[in-house]
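Listed here are the chains, written in short residue letters.
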Amino acid sequence: MKQSIARVALVVKDYDKAIKFYTEKLDFLLVEDTNMGEGKRWVIIAPQGSKECSLVLAKADDEKQEASIGNQTGGRVFLFLYTDDFWRDYYKMMEREIKFVRSPEKMPYGMVAVFEDLYGNLWDLLEPK
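Residues numbered from 1 in each chain as written. Predicted model: local features only at pLDDT ≥ 70, side-chain atom pairs only at ≥ 80, totals over all residues. Heavy atoms only, no water.

- The name given to the protein chain in an unreviewed UniProt entry is VOC domain-containing protein, and the organism recorded there is Maribacter hydrothermalis.

Written out as C-alpha cells, the structure reads:
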C-alpha cells in the first residue's frame with residue numbers, strides 16, 4: 001500500500017490576503033483558485049518545486065474556526081518549509097519583512113529558524129542535513 005499526505009488545510013481570514021502573502025513573501029505558487037459559490041473557494045498553494053504536499057487555504061466559516069486562525073497547533077510550530085539553501089531564503093525573507101521568532105540555529109537535523117506567517121502560525125525554515 002502507498003499513501004501520502006497530499007494537502008493540509010490552513011484556516012485563513014481572507015483568501016486574497018493569504019494568497020498575496022504566500023505568493024509574494026514566500027514565493028509559493030498559486031496552484032488552483034476555483035470559485036465554489038456562496039463565498040467559498042478551493043484555493044491551493046505550494047512551495048516552488050513541491051511534489052507531494054500543498055496547502056488548501058480555507059476561509060474560516062464561524063467563530064470557532066476564526067478563533068483558531070494563527071494558532072492551529074496551540075502555539076507550536078505548525079508547518080515545515082524545507083529549503084536547499086537556508087541562508088539564501090532566510091535573507092530574502094528578512095528583506096521581505098517576514099518576522100522570525102527564533103534565530104537561525106544549527107541543529108543535529110539541519111539549519112533551522114522559526115518564522116510567523118501573516119496570521120502568526122509558526123513555521124520552521126529548515127535546510128535538512
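Picking up after the structure, the text goes on.
**What about the pattern of salt bridges?**
Here is step 1 of the chain: One pass over the full model with this rule turns up ten salt bridges.
Here is step 2 of the chain: Among the salt bridges present, the one from Glu24 reaches Lys20, with a minimum N-O distance of 3.4 Å. Of the two residues, Glu24 and Lys20 are both situated in helix H1 (residues 15-25); the distance of four residues between them amounts to about one turn of the helix.
Here is step 3 of the chain: For the salt bridge of Arg41 with Asp33, the shortest nitrogen-to-oxygen distance reads 2.7 Å.
Here is step 4 of the chain: For Asp33, a relative accessible area of 35% corresponds to the partly exposed category.
Here is step 5 of the chain: Within this structure, Asp27, Asp84, Arg88, Asp89, Lys92 and Arg96 form a network of salt bridges that share partners. (Salt bridge = Lys/Arg side-chain N within 4 Å of Asp/Glu carboxyl O. Helix = DSSP H or I, 4+ residues; strand = E, 2+ residues; numbered from the N terminus. Buried < 20%, exposed > 50% of the residue type's maximum accessible area, 1.4 Å probe, protein only.)

**Digging into unusual backbone geometry**
Here is step 1 of the chain: One non-glycine residue, Asp27, lies in the positive phi region at around 65 degrees.
Here is step 2 of the chain: Position of Asp27 among the secondary structure elements: in the loop between H1 and strand S2 (29-37).

**Let's talk about H1**
Here is step 1 of the chain: Those residues of H1 that sit buried are Tyr15, Ala18, Ile19, Phe21 and Tyr22. Here the buried residues of H1 occupy an arc of 165 degrees about the axis, which is enough to place them on one side.
Here is step 2 of the chain: The N-cap of H1, judged by a side-chain oxygen 3.0 Å from the amide nitrogen of Asp16 a few residues on, is Asp14.
Here is step 3 of the chain: Backbone geometry just after H1 places Asp27 at a positive phi near 65 degrees. (Arc of directions from axis to C-beta. Polar contact = N/O pair within 3.5 Å; in protein donor to acceptor, adjacent residues only side chain to side chain.)

**Topic: the sheet that holds strand S4 (residues 54-59)**
Here is step 1 of the chain: If you trace the four strands from one edge of the open sheet to the other, you get S1-S4-S3-S2, paired in mixed fashion. Of all strands in the sheet, those bounded by a partner on one side alone are strand S1 (7-12) and S2. Adjacent strand axes in the sheet meet at a mean angle of 25 degrees when their direction is disregarded.
Here is step 2 of the chain: Taken together, the three bridges between strand S3 (residues 40-46) and S4 define a ladder with antiparallel strand orientation. In the strand pairing of S4, Ile44 is matched with Val56.
Here is step 3 of the chain: Relative to the sheet, H1 contacts S1, S2, S3 and S4, its axis offset from that of S3 by approximately 10 degrees. (Pairing = 2+ DSSP bridges. Axes fitted to C-alpha atoms, helices over the stretch in contact; angles between N-to-C directions. Contact = heavy atoms within 4.5 Å.)

**Digging into the domain arrangement of the protein chain**
Here is step 1 of the chain: Here the protein chain is described as being made up of domain 1 (1-69) and domain 2 (72-128).
Here is step 2 of the chain: Counting residues at the interface gives 20 residues for domain 1 and 16 residues for domain 2.
Here is step 3 of the chain: The largest contributions to the domain 1 side of the interface with domain 2 come from Phe21, Lys25 and Leu26, which together make up 32% of the buried area.
Here is step 4 of the chain: Scanning the region where domain 1 abuts domain 2 turns up two salt bridges.
Here is step 5 of the chain: With a shortest N-O distance of 2.9 Å, Arg96 and Asp27 are connected by a salt bridge.
Here is step 6 of the chain: Counting across the interface, domain 1 meets domain 2 through ten residue pairs in polar contact (both at pLDDT 80 or more).
Here is step 7 of the chain: When residues of the side of domain 1 that touches domain 2 are traced back to their parent elements, those giving at least two are S1 and H1.
Here is step 8 of the chain: With six residues, the single largest contributor to the side of domain 1 that touches domain 2 is H1.
Here is step 9 of the chain: Its residues assigned to classes, the side of domain 1 that touches domain 2 shows 13 nonpolar, one polar and six charged. (Domains from an automatic or database assignment. Buried area = accessible area lost by both parts, 1.4 Å probe. Nonpolar A, V, L, I, M, F, W, Y, C, P; charged D, E, K, R; others polar.)

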